[in-house]
Amino acid sequence: MKLNTITQLRSFLVFWGAMTVSSLGTQMTKYALILRVYAESGKTLDVTLLTACSLLPAIVFCFAAGALADRWDKKKLLTVCQLLAAVGTLTMLALFRSDTVRLWQLYAVNLALGFVGAFSNPAMYVTVTLLTTKEQYVRAGGILSLSRSLTEIIAPLLATALLALGGIRLILSADLVTFAVAVAVLALFVRLPDDRDKPPHERRPFVQSCLDGVRFLKTKRALLRLILFFALVNFLAFMTGYGTLPALILSRTGGDEAISGTVSAAVGLGTLCGGVLVTIIRLRVRKTTIIFAALAASYLICELLWGIGRSPMLWIIGAVLGNVPVAFVNANMSALMRENIPIDLQGRVFAARDTLQYFPIPLGLVLGGWLADHVFEPLMHSDGAVPSALSRLVGTGDGAGIALMFVLVGIVGVVSSLMSLKNPLYKQLD
């Protein structure tokens, strides 16, 4: 990255660093909780419900959160959200220290943390726009992919090491430290400019303001169709990769947490490499073409290799190569959104986008966990011509049914992405 580019993005980079530190602590906690819950219950559904609880409030409260993000001071809103999230982590730490923790309590805390995230996410979207220029949108998206990738690489490995050293209480304590760092940086070093091109404040009913994002999307048919397509993408992704991948790895390795952590880190390594490429390379291709082609490549490599592969090396290769395209998807999707939405509406429209894209995620998590426990795993453990034939593709034993789910989802994802690639409607967005 050139020196003048770094100078232009200085404020954004400071903000990005603070959020990355906070995200690292959060991801370590999430990963440790998944390992703890699966080790105690052995049920895929319990793990996926834990994730669903953290996502459900963001879907329910997104409209209100987006309207407030457009009205309120973004920096103050983000700071308050960081402090409230720290309270949630402190609550979990107290539960684990007293040895009174129950699964329903973890669900309840995750619901509370999801509520906080519902308000911080729209504020972060608009903050990134305020701290960058239109020419830097894709590059900023690439840098954000870098941060997600770094946390995906470091969090599982660091969480595994901290679990061995001091258990989950040490991880929760480290998470509290990351919140403190993020709040300090936000307070002392992040300065936000006034919202560019913001019209005079209109005193309108709050409910009407909440629905402005939906009204705007109705006027942008191509953008709305793209968002709805990503709803399908998220549904498929959380049925398998984001929802049942830990269960797949743990069941096929006899509960080896080190291998599970390594594969999760490999996912981050793939998106990290993709984020670097997005940041330094400018492709002279339509953004929508990049999005759908990259999605097809990711489904083809990730889902199929994870499903067919029966060794850690194949899982790691699939994780790395299959997630390089994901960074291109995220960066170009974010750029399209920022280019097509006025800044005074971005909080509300991004919130509406989140609701439409993310409402299938809890369904995907719950359905994926239920199908794994009650349909595909029993199927692959049964006798008959169908399981025998499928075992040649995905093997036998624990995890074979989950592997079959990955293969089926990969096929659906590749076909739907290639069909969308040929749809001329999306060209309007570039």
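Here, every reference points to the structure presented above.
Reference entry: report on the structure contained in this document. (Residues numbered from 1 in each chain as written. Predicted model: local features only at pLDDT ≥ 70, side-chain atom pairs only at ≥ 80, totals over all residues. Heavy atoms only, no water.)

Let us look at the pattern of salt bridges. The tally for this structure, following the rule as stated, stands at two salt bridges. Of the charged contacts in the structure, one is a salt bridge between Glu 40 and Arg 36, with a shortest N-O distance of 2.6 Å. Separated by four residues within a single helix, Glu 40 and Arg 36 lie in helix 2 (residues 10–41), roughly one turn from each other. You can call Arg 36 partly exposed: its relative accessible area is 31%. Put simply, Glu 339 and Lys 287 hold a salt bridge, and the shortest N to O gap is 3.3 Å. With a gap of 52 residues between them, Glu 339 in helix 14 (residues 312–340) and Lys 287 in helix 13 (residues 287–308) connect regions that are remote in the sequence. (Salt bridge = Lys/Arg side-chain N within 4 Å of Asp/Glu carboxyl O. Helix = DSSP H or I, 4+ residues; strand = E, 2+ residues; numbered from the N terminus. Buried < 20%, exposed > 50% of the residue type's maximum accessible area, 1.4 Å probe, protein only.)

Looking only at helix 9 (residues 212–219), the buried set comprises Asp 212, Gly 213, Phe 216 and Leu 217. Taken around the axis of helix 9, the buried residues stretch over an arc of 135°, which confines them to a single face. (Arc of directions from axis to C-beta.)

Turning our attention to the packing of helix 12 (residues 257–280) against helix 14. At a minimum axis distance of 6 Å, the contact between helix 12 and helix 14 shows a crossing angle of 35°. Both helix 12 and helix 14 take part in a crossing whose hand is right-handed. Of the residues in the contact of helix 12 with helix 14, the class split is 18 nonpolar, six polar and no charged. (Axes fitted to C-alpha atoms, helices over the stretch in contact; angles between N-to-C directions. Left-handed = near helix turned anticlockwise from the far one by under 90°. Nonpolar A, V, L, I, M, F, W, Y, C, P; charged D, E, K, R; others polar.)

Relative to the elements of secondary structure, Glu 303 occurs in helix 13. Despite its burial, Glu 303 pairs with no opposite charge, the nearest such side chain being Arg 252 at 12 Å. A distance of 3.0 Å separates the side chain of Glu 303 from the side chain of Thr 240, its partner in a polar contact. Leave out the neighbours within four places in its chain, and Glu 303 touches Thr 240, Gly 241, Ser 298, Phe 406, Val 407, Val 409 and Gly 410. (Lys, Arg positive; Asp, Glu negative; His and termini not counted. Polar contact = N/O pair within 3.5 Å; in protein donor to acceptor, adjacent residues only side chain to side chain. Contact = heavy atoms within 4.5 Å.)

On the surface, a nonpolar cluster with roughly 470 Å² of combined accessible area is contributed by Val 276, Leu 277, Ile 280, Ile 281, Leu 283 and Val 285. By relative accessible area, Ile 280 is classed as exposed at 52%. (Patch = residues over 30% accessible without salt bridge, like charges linked within 9 Å, V, L, I, M, F, W, Y side chains within 5 Å. Areas by Shrake-Rupley, 256 points an atom, 1.4 Å probe, with all protein chains shown as cover.)

A word on the packing of aromatic side chains. The description of an aromatic ring pair rests on the distance of the ring centres and on the angle between the ring planes. Taken as a whole and judged by the stated rule, the model has five aromatic pairs. Here the aromatic rings of Phe 229 and Phe 292 are separated by 5.2 Å at their centres, their planes lie at 80°, and the arrangement is edge-to-face. Separated by 63 residues along the polypeptide, Phe 229 in helix 10 (residues 221–239) and Phe 292 in helix 13 bring together distant segments of the chain. Phe 292 matches Phe 229 in its accessibility class, with the two residues each being buried. Among the aromatic residues, those joined into a ring-pair cluster are Phe 229, Phe 230, Phe 292 and Tyr 426. (Phe/Tyr/Trp six-rings, centres within 6.5 Å; stacked < 30°, edge-to-face > 60°.)

Quick look at the packing of helix 10 against helix 18 (residues 400–421) now. Where helix 10 meets helix 18, the axes come as close as 10 Å, and the angle between the chain directions of the two elements is 165°. With respect to helix 18, the axis of helix 10 lies roughly antiparallel. Judged by the twist between their axes, the crossing of helix 10 over helix 18 is left-handed. Listed contacts from helix 18 to Phe 229, Leu 232, Leu 236 and Met 239 of helix 10 are Met 405, Val 409, Val 412, Gly 413, Ser 416, Ser 417 and Ser 420. Here the contact of helix 10 with helix 18 is composed, by residue class, of seven nonpolar, four polar and no charged. (Parallel < 35°, antiparallel > 145°, perpendicular 65-115°, else oblique.)

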